[in-house]
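Observations on chain architecture
Each chain is listed here by its residues.
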Amino acid sequence: MNKTKIAIIGLGYVGLPLARLFATKYPVVGFDINRKRVDELMSGVDHTLEVESGILKAVLKKQPNDDNGLICSYNLDDIKDCNYYIVTVPTPVDKNNRPDLTPLYKASETVGKVINKGDVVIYESTVYPGATEEDCIPVVERTSGLKYNIDFFAGYSPERINPGDKKHTVEKIKKVTSGSTPEIGEKVNTLYSSVISAGTHLAPTIKVAEAAKVIENSQRDINIAFVNELKKIFDKMGIDTNAVLEAAGTKWNFLPFKPGLVGGHCIGVDPYYLAQKAQEYGYHPEIILAGRRMNDSMGEYVASEVIKKMIKQGIQVKGSNILVLGITFKENCPDVRNTKVVDVIRELKDYDTNITVYDPWANKEEVKHEYGLNIECKLPNEKFDAIVLVVSHKEFLDINYASLINKTGIIYDLKNILD
């Protein structure tokens, strides 16, 4: 095989940090169909804030023929001479919570147009067991005219990126690897081992690696669903849920999960991938789907609790002014993918309330495009009948809440971050 040259297909929250890391040791081409995104990155700017400008600029190539470093491109010709193709596109669900593999199919077509004999395509996108070899590889074969495990090979190494986390960066998270043959598994493992300081775990098959990824997030989803159910129970009993969790947490093996909204690109989506595949095999997954139902219901629950507390305070709900703090799916991160805050907002709007959303991290244009919502990036200078704190951005700790709330108003702190 020629000297290692890597193409990263998809330059989002997963692809860009990976491309940056590999570019410290190999020539890397980051490919994305979004021209605006490519131009932004080549100027040294990442609006997702996953890679700092200085770090990004340090790996960008000055000349295309430089040995190591990163070039970002939307031109297929720029990835034709690569020999590893790593796919990092999103894997969403549709409106009926069924897996939508469209981005994967399109990325596989892209790879199929440029892959050559002896090359390896590695998928990082979260999928159900079997998706790589049963759904994606046939697309590569059909587009390229090459035969799987004869002309080209495959691997699967699930992404474990935690958006906004500057401590657990990609190189510091142990990486699961796999290959379509034992020899390719070793090659894929060696490739990742060369840049992942936390080490790697070579799974025996691609399906094992796929299954390992999808249950990581399903397990977390179920655990959060459990504490969300506890919150509903203890709220009815007049017991402080957070105080209960704090007391229970004094035992060494108690898992420290907290109630909240479960959105994002992984935890709120991946269980549906596993459930879909299980149902194809004739098994109805009860615990997985029960957890999803519980977590998907939390937006409606939060809104109803806010309304109840407003009524108890004698606040006229219709026409009231409510400030929602946060729109991103998690704290201190601009990621708004699959955010469940929109469920809270829509439910509150059903009561004919006036909603103002403040989030200093989110991109106004992106929120408008994805959800049709207008948000404020500066704290409003007015008073509200209710403030609903749903995302624990660090900026929200420094707000003077007394200046924002009417005398009879309420503050609903879902994340329990206020004193």
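Scroll up a little and you will see the structure.
In this report, we go over the structure that sits alongside the text.

Conventions and cut-offs
Along each chain, residues carry numbers from 1 onward, in the same order as the chain's sequence is written. Under the rules for a predicted model, residues below a pLDDT of 70 receive no local features and side-chain atom pairs below 80 are neither given nor counted, while totals for whole chains, interfaces and linings still include all residues. Side-chain figures throughout are based on the complete set of non-hydrogen atoms in the structure, without hydrogens or water. Axis definition: a line fitted to C-alpha atoms, limited for helices to the stretch in contact. Angles are taken between N-to-C directions and run from 0 to 180 degrees. The helix count covers DSSP runs of H or I at least four residues long, the strand count covers runs of E at least two residues long, and both are numbered beginning at the N terminus. Between 65 and 115 degrees an angle is taken as roughly perpendicular, under 35 as roughly parallel, over 145 as roughly antiparallel, and anywhere else as oblique. In what follows, residue pairs with any heavy atoms lying within 4.5 Å of each other are defined as contacts. Ten residues, namely Ala, Val, Leu, Ile, Met, Phe, Trp, Tyr, Cys and Pro, are considered nonpolar, four, namely Asp, Glu, Lys and Arg, are considered charged, and the remaining ones, Gly among them, are considered polar. Note on definitions: the grid is 1 Å and covers protein atoms alone; a cavity is a set of points where a 1.4 Å probe fits but cannot get out; a pocket is an open set with protein on both sides within 12 Å along at least five of seven lines; lining residues have an atom within 4 Å of a point. Grid points are joined across faces, edges and corners, and a volume is the space filled by probe spheres set on the points. Aromatic pairs are defined between Phe, Tyr and Trp rings, using the six-membered ring for Trp, whenever the two ring centres lie within 6.5 Å; interplanar angles under 30 degrees are classed as stacked, those over 60 as edge-to-face, and all others as tilted. Think of it in three bands: residues with accessible area under 20% of the maximum for their type are buried, residues over 50% are exposed, and the middle band is partly exposed, with areas taken using a 1.4 Å probe on protein chains only. Should the NZ of a Lys or the CZ of an Arg lie within 6 Å of a ring centre and within 35 degrees of the ring normal, that charge is described as sitting over the ring. Working rule for handedness: look at the near helix, and if it is turned counterclockwise from the far one by less than a right angle, call the crossing left-handed; if clockwise, right-handed. For two strands to be treated as a pair, DSSP must find at least two bridges joining them. By convention, a crossover is right-handed whenever its connection, traced from the first strand over the helix to the second and viewed with the strands pointing away, goes clockwise. Salt bridges, as used here, are contacts in which a Lys or Arg side-chain nitrogen is within 4 Å of a carboxyl oxygen on Asp or Glu.

What follows covers the packing of helix 5 (residues 131–144) against helix 7 (residues 206–237). Direction vectors running N to C along helix 5 and helix 7 enclose 105°, while the axes themselves pass 9 Å from each other. Relative to helix 7, the element helix 5 is oriented roughly perpendicular. On helix 7, the residues touching Ala131, Thr132, Glu133 and Glu134 of helix 5 are Ile206, Lys207 and Glu210. Across the contact of helix 5 with helix 7, the residue classes tally to two nonpolar, one polar and four charged.

Of the voids in this model, the second largest pocket is the one considered here, and its volume is about 1100 Å³. Around the second largest pocket, the lining comprises 36 residues; the ones closest to its centre are Asn162, Arg220, Ile224, Ile267 and Lys330. Counting residues per element, the lining of the second largest pocket draws most heavily on helix 7, which supplies six residues. Partitioning the lining of the second largest pocket into residue classes produces 17 nonpolar, ten polar and nine charged.

This brings us to the packing of aromatic side chains. According to the stated counting rule, one finds five aromatic pairs in the structure shown. Their ring planes at 55° and their centres at 6.1 Å tell us that phenylalanine 22 and tyrosine 26 sit as a pair that is tilted. For tyrosine 26, a relative accessible area of 16% puts it in the buried group. Ring centres of tyrosine 148 and phenylalanine 152 lie 5.9 Å apart, and the angle between their planes is 45°; on these two criteria the pair is classed as tilted. Under the relative-accessibility criterion, phenylalanine 152 is labelled buried at 0%. Among the aromatic residues, ring-to-ring pairing joins Phe22, Tyr26 and Tyr192 into one connected group. For lysine 251, the ring lying beneath its charged end belongs to tryptophan 252, and the centroid distance is 5.4 Å.

The next point concerns the packing of helix 7 against helix 10 (residues 286–296). Helix-helix packing is characterised by the crossing angle of the two axes and by the distance between the axes. Following both chains from N to C, one finds helix 7 and helix 10 inclined at 50°, their axes separated by 8 Å at the closest point. In this view, helix 7 runs oblique relative to helix 10, as classed from their interaxial angle. At the point where helix 7 passes helix 10, the crossing takes the left-handed sense. Listed contacts from helix 10 to Asp221, Ile222, Ile224, Ala225, Asn228, Glu229 and Lys232 of helix 7 are Ile287, Ile288, Gly291, Arg292, Met294 and Asn295. Grouping the amino acids of the contact of helix 7 with helix 10 by side-chain chemistry returns six nonpolar, three polar and four charged.

With burial as the criterion, each face of strand 4 (residues 84–87) is covered, one bearing Tyr84 and Ile86 and the other bearing Tyr85 and Val87. Note: strand 1 (residues 6–9) against strand 4, four bridges, orientation parallel. Paired with isoleucine 8 across the two strands is isoleucine 86, which belongs to strand 4. Looking at chain direction, strand 4 and strand 5 (residues 120–123) are connected through four bridges and run parallel. Directly across from tyrosine 84, in strand 5, lies its bridge partner valine 120. Where the polypeptide runs from strand 4 across helix 4 (residues 102–114) and back to strand 5, its parallel neighbour, the crossover connection is right-handed.

Taken in spatial order, the four strands line up as 10-9-11-12 in an open sheet, and their pairing is parallel. Edge strands, defined here as strands with exactly one partner in the open sheet, are strand 10 (354–358) and strand 12 (405–413). For this sheet the average axis-to-axis angle between neighbouring strands, irrespective of direction, equals 20°. One ladder, built from five bridges, connects strand 11 (residues 384–389) with strand 12; its direction is parallel. Counted as the bridge partner of phenylalanine 384 is isoleucine 405 from strand 12.

The next thing to look at is the pairing of strand 5. Side chains Val120 and Ile122 project from strand 5 onto one buried face, and the interleaved Val121 and Tyr123 project onto a second face that is buried too. For strand 5 and strand 6 (residues 153–156), the ladder comprises four bridges, and the chain directions are parallel. Looking at the pairing, valine 121 lines up with alanine 154 of strand 6. Regarding topology, helix 5 serves as the crossover connection from strand 5 to the parallel strand 6, and that connection is right-handed.

So, on to the pattern of salt bridges. Enumeration according to the criterion identifies 19 salt bridges in this entry. The salt bridge involving glutamate 216 is made with arginine 160; its shortest N-O contact spans 2.6 Å. Residue glutamate 216 is found in helix 7, and its partner arginine 160 is found in the loop between strand 6 and strand 7 (175–177); the two are separated by 56 residues along the sequence. On the basis of relative accessibility, which here comes to 26%, the residue arginine 160 falls in the partly exposed class. Between arginine 292 and aspartate 296 there is a salt bridge; the shortest N-O distance is 2.8 Å. Here the residue arginine 292 and the residue aspartate 296 both occupy positions in helix 10, the gap between them amounting to four residues, near one helical turn. Connected through salt bridges with shared partners, the residues Glu134, Lys207, Lys277 and Glu280 form a single ionic network.

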